[in-house]
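Understanding the architecture of this molecule
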Amino acid sequence: MPFQPIKFYQTGSFVVGNRLLSEDQRSVQSSQARTNSLTLGHRACQGCGEALGARYALDAAMRASGNQMVVANATGCLEVFTTPFPETSWQIPWIHSLFGNSAAVGTGIAAALRSKGKQDIRVVAQAGDGGTVDIGFGPLSGMFERNDDVLFICYDNEAYMNTGVQRSGATPPAARTATTDAVGPHPGEDFGKGKNLPLIAMAHEIPYVATATVAELRDLEYKVEKAMSFHGARYIHVLVPCPLGWGSAPSDTIRLSRMAKETGLFPVFEAEGGEVTSVSKIRHRLPVEEYLRPQRRYQHLFRPQPDTQTIGRIQAIADKNISRFGLLNGEPK
Amino acid sequence: MLEQIEGSQAVARAVGLSRPEVICAYPISPQTHIVEALSVAVKSGALEHCEFVNVESEFAALSVAIGASAAGARSYTATASQGLLYMIEAVYNAAGLGLPIVMTLANRAIGAPINIWNDHSDAMAVRDAGWIQLFAETNQDAADLHIYAFRLAEQLSVPVMVNMDGFILTHATERVDLPSQEQVDAFLPPYAPRTYLDPADPVSIGAMVGPEAFTEVRYLASLRQHEALSSIEQIDEEFGEVFGRRPCGFFSSYRMEDAEIVAVAMGSAVGTLKDAVDDMREQGVRVGALGLRTFRPFPADAIRSALSGSRSVLVFERAHSPGFGGQLSADIAATLRSVEPTVHSVVSGLGGRPVTRRSVASAIQASAKGELGLETFLDLDESLLKREVTELGTARRSSATGGAVAQIIESSGPQGAR
Ligand SMILES: Cc1ncc(C[n+]2csc(CCOP(=O)(O)OP(=O)(O)O)c2C)c(N)n1
Ligand code: SF4
Ligand SMILES: [Mg+2]
């Protein structure tokens, strides 16, 4: 008799309640054995996507490594809000050296472990989008190119948040930051700038590249676990809304993450050896306007009256992603 | 064993004998021969239990060493000049984190104008970074100081920079007595840090420290540098017991007994100073030489007592701080605040200009006659300068290096830059 598994989704979120799943399908966070790698007491803002993403990603990596893991962290919000001397929120071996070198520090740790024959200890390096796509790009590309045994996680909140919301190479078009203000004839970040690091990572043909958002945390955990099943250079790019920098309600962090994906603005996919192997399809396609409107960084697109032309250009970006990655039905192009 | 060997090869061998676990480097003249030799040693299997990482920049080179050292591995890198400046943020960071990394600095001038030859501008640029800085006088020194540096760094949890003059030492073939592996093992125990990145005992390294504790952190770092002075003496003694010679000390002294004039330098010029001292002694000038090996921490007390009997001190320094003067003479002058001798800065050997026995002797002679100014640029080409000044008056132009320098180069004929 054909068997049809019944899925219980939370309305609107597509999240399946843990209780409804078998033990082996439950999230790392639901387990009492989770390591609380990033534990309570840190000083992130309410609704900080980066704190949430880091917690899920690192606990999953800890489980996958049998709790044998070392982390190198770049300068940025995640570093600052977790380690104000003499306190620390990290319950894992953790080092912060500089803003632009976390990938190279990761390489060094991996080399040390290899020379000591301790390859069972795994290495994660992490940074914000600035520490990844801009100042940290050289060491990151070097780490990729040498296929060093490091998982690099980028927590992308689309600007330099720690220094007060300045533009980075990951800031999207039209977004207001402190250095791309909503003034002048073209308010916000220019169109045609910025770089797509997941694609650049793929061009290095490293074993595994994935993107994720903090809306689908089980998916993030899955991708971290998958990444940990490979050796060599691996890259995960997580979209992490920042209420302070985006001008969004702390309670909207998850919703905005989901909308970023459902509009097509942030494609969620996996790639191995430079080839896309899976994409998370859009389930309820949304117009970009719905994603932009709740964020104050896009406020100038709606006041005094909607700037339909600019919103249309952003929609075109989403549409291009949808066809390029096959985010609706159909194959990626 | 005594060998006729290039300085870089001797250093590579000494580093290898020190059983490093991670080596990372980015090529720059005149450091290349050292890291090439080490990469061959690792790749061929001659140097076991060691990883060699070919990085994409000097910033990455020292960052890899930082990660490796924090993970408990004995870590080594080497650079020079532009490369040192490219990694300077990590230079400060390694010291702040107290990581016992050893780095060779094959001393080279800093551009523009680009110049691959020797001076000490690079070492001076990081003089305040918190590293211990040692200067090799000979290639024997250079080899010994590396073995010594690992021991010192690990005992104190402070990174150590071994300076050796680019080309003059790195590319010179000299007789060097390289120790045996047994000797080195007897002197240098395996690296066993108290804290490192260990899943069995998690620590957070590199926390953010605010005004409430930063001063104390810096004070402790300063204390540790002062402690290093006594460690240097103690380790020197132990080195002597194992290898039969003392590599470091604070400085070497030459014919200093009754010296009225003392010539001071760091690095390979010290040998030239000694020759010039011999020449001048023959002419009856009471002169001696002091070759400074330990530049940071600065052995102020020892220098003061060594120089306090003299009348004038001539500091032959291969670096110069524009708008101020020589850095080494400033340090020495500050040390001698309360005693008699006048300190003369003799800026010499910039960008590879040879410091000759004859020029050194002429400066000593001028000093003996009381004719040496407080700051002298040794062997300055007056005619080149004159031509430059007149041309500046007639033609105004600018270029990447600034009009003045471009004109000096142009008017003195084409020179290739590498
Ligand atoms: C070399 C260097 N340049 C600039 C800074 C200042 N700085 C510290 S954190 C930061 C921004 C971090 O942005 P990102 O990497 O996106 O992380 P976020 O804070 O947004 O999570 C900047 C510019 C620095 N610490 N070091
Ligand atoms: S500024 Fe943004 S990234 Fe930084 S702690 Fe606050 S919410 Fe998180
Ligand atoms: Mg950011």
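Up top is the structure.
Quick look at the structure, then.

**Considering the overall build of chain A**
Each helix and strand in chain A was counted, giving eleven helices and eight strands. A compact globule built from 333 residues would reach a C-alpha radius of gyration of about 20 Å, and chain A, at 19 Å, matches this within 12%. With respect to the principal axes defined by its C-alpha atoms, chain A has extents near 60 × 60 × 40 Å. Each of the 333 residues in chain A was classed as buried or not, and the buried ones make up 57%. Contacts in chain A between residues far apart in sequence, at least 24 positions, make up 69% of those at least 6 positions apart. When the accessible surface of chain A is summed, it comes to about 13,900 Å², and 52% of that surface belongs to carbon and sulfur atoms. In chain A, 34 positive and 32 negative side-chain charges are present, and the distance between their average locations comes to 2 Å.

**Details of the nonpolar core**
In terms of nonpolar packing, the biggest core is built from 144 residues, with I109 and Y235 of chain A together with Y76, V91, W131, Y148 and I332 of chain B touching the most fellow members. Apart from residues lying up to four places away in sequence, Y76 of chain B is in contact with V11, V15, V22, I23, C24, I34, L38, V102, T104, H146 and F150 of chain B. In terms of nonpolar packing, the next biggest core, distinct from the first, is built from 36 residues, A61, M62, W90 and W94 of chain A among them.

**What to know about the packing of aromatic side chains**
Residue and element names in this part refer to chain B. Applying the stated criterion to the full structure yields 13 aromatic pairs over all chains. Ring centres of F187 and F239 lie 5.0 Å apart, and the angle between their planes is 80°; on these two criteria the pair is classed as edge-to-face. Within this pair, whereas F187 is found in helix α8 (residues 181-187), its partner F239 is found in helix α9 (residues 214-243), the two being separated by 52 residues in sequence. A network of ring pairs unites the aromatic residues Y148, F187, F239 and F243 as a single cluster. When the ring centre of F187 is taken as reference, the NZ or CZ atom of R151 above it lies at 5.1 Å.

**Observations concerning the coordination of the magnesium ion (ligand 3)**
Residues and elements named next belong to chain A. For the magnesium ion (ligand 3), the full set of protein donor atoms is D129 (OD), N157 (OD1) and A159 (O), and the range of their distances to it is 2.0 to 2.1 Å. On the accessibility criterion, D129 (1% relative accessible area) is buried. Judged by its relative accessible area of 5%, N157 is buried.

**Some thoughts on the interface of chain A and chain B**
Every contact between the two is made by 37 residues of chain A and, on the other side, 38 residues of chain B. Roughly 2,800 Å² is buried in total at the junction of chain A and chain B, and carbon and sulfur atoms are behind 64% of that figure. The three residues of chain A that bury the most area against chain B are F85, L98 and S115 of chain A, which together make up 19% of that side's buried surface. Remark: the boundary between chain A and chain B carries three salt bridges. Salt-bridge contacts for R114 of chain A lead to E51 of chain B; the nearest nitrogen and oxygen are separated by 2.9 Å. Applying the counting criterion to the chain A and chain B interface returns 15 residue pairs in polar contact (both at pLDDT 80 or more). Those elements that provide at least two residues to the side of chain A that touches chain B are β1 (69-73), α2 (77-82), β2 (94-96), α3 (102-115) and α5 (137-145) of chain A.

**Brief notes about the side chain of R281 of chain B**
Residues and elements named next belong to chain B. Here R281 shows up in helix α10 (residues 269-282). Look at R281 and you get buried, because its relative accessible area is 16%. A polar side-chain atom of R281 sits 2.8 Å from the main-chain carbonyl oxygen of R255. Beyond its immediate stretch of four places on either side in the chain, R281 contacts R255, D258, A259, R286, V287 and G288.

**Here we look at the site of ligand 1**
Residue and element names in this part refer to chain A. Lining the immediate environment of ligand 1, one finds 17 residues, of which E50, C77, D129, G130 and G131 sit closest. Within the backbone of C77, one N or O atom sits 2.9 Å away from an oxygen atom of ligand 1. Within the backbone of N162, a nitrogen or oxygen atom sits 3.0 Å from an oxygen atom of ligand 1. Compared with its free state, where it exposes 590 Å², ligand 1 has 77% of that area covered by protein. Residue classes in the shell around ligand 1 are distributed as six nonpolar, eight polar and three charged.

**Points about the site of ligand 2**
All names here are of chain A. In the vicinity of ligand 2, the residues found are A44, C45, C48, C77, F81, N157, C242, P243 and L244. Of all elements in the fold, only α2 and α8 (243-246) reach the threshold of two or more residues within the shell around ligand 2. Its residues placed into classes, the shell around ligand 2 shows eight nonpolar, one polar and no charged.

What counts and how
Residues numbered from 1 in each chain as written. Chains lettered and ligands numbered in written order. Predicted model: local features only at pLDDT ≥ 70, side-chain atom pairs only at ≥ 80, totals over all residues. Heavy atoms only, no water. Helix = DSSP H or I, 4+ residues; strand = E, 2+ residues; numbered from the N terminus. Rg over C-alpha atoms; globule rule 2.2 N^0.38 Å. Buried < 20%, exposed > 50% of the residue type's maximum accessible area, 1.4 Å probe, protein only. Contact = heavy atoms within 4.5 Å. Areas by Shrake-Rupley, 256 points an atom, 1.4 Å probe, with all protein chains shown as cover. Lys, Arg positive; Asp, Glu negative; His and termini not counted. Charge placed at Lys NZ, Arg CZ, Asp CG, Glu CD. Core = buried A, V, L, I, M, F, W, Y, C linked by side-chain atoms within 4.5 Å. Phe/Tyr/Trp six-rings, centres within 6.5 Å; stacked < 30°, edge-to-face > 60°. Lys NZ or Arg CZ within 6 Å of the ring centre and 35° of its normal. Donors = N, O, S within 2.8 Å, 3.2 Å for Na, K, Ca; no water. Buried area = accessible area lost by both parts, 1.4 Å probe. Salt bridge = Lys/Arg side-chain N within 4 Å of Asp/Glu carboxyl O. Polar contact = N/O pair within 3.5 Å; in protein donor to acceptor, adjacent residues only side chain to side chain. Near = heavy atom within 4 Å. Nonpolar A, V, L, I, M, F, W, Y, C, P; charged D, E, K, R; others polar.

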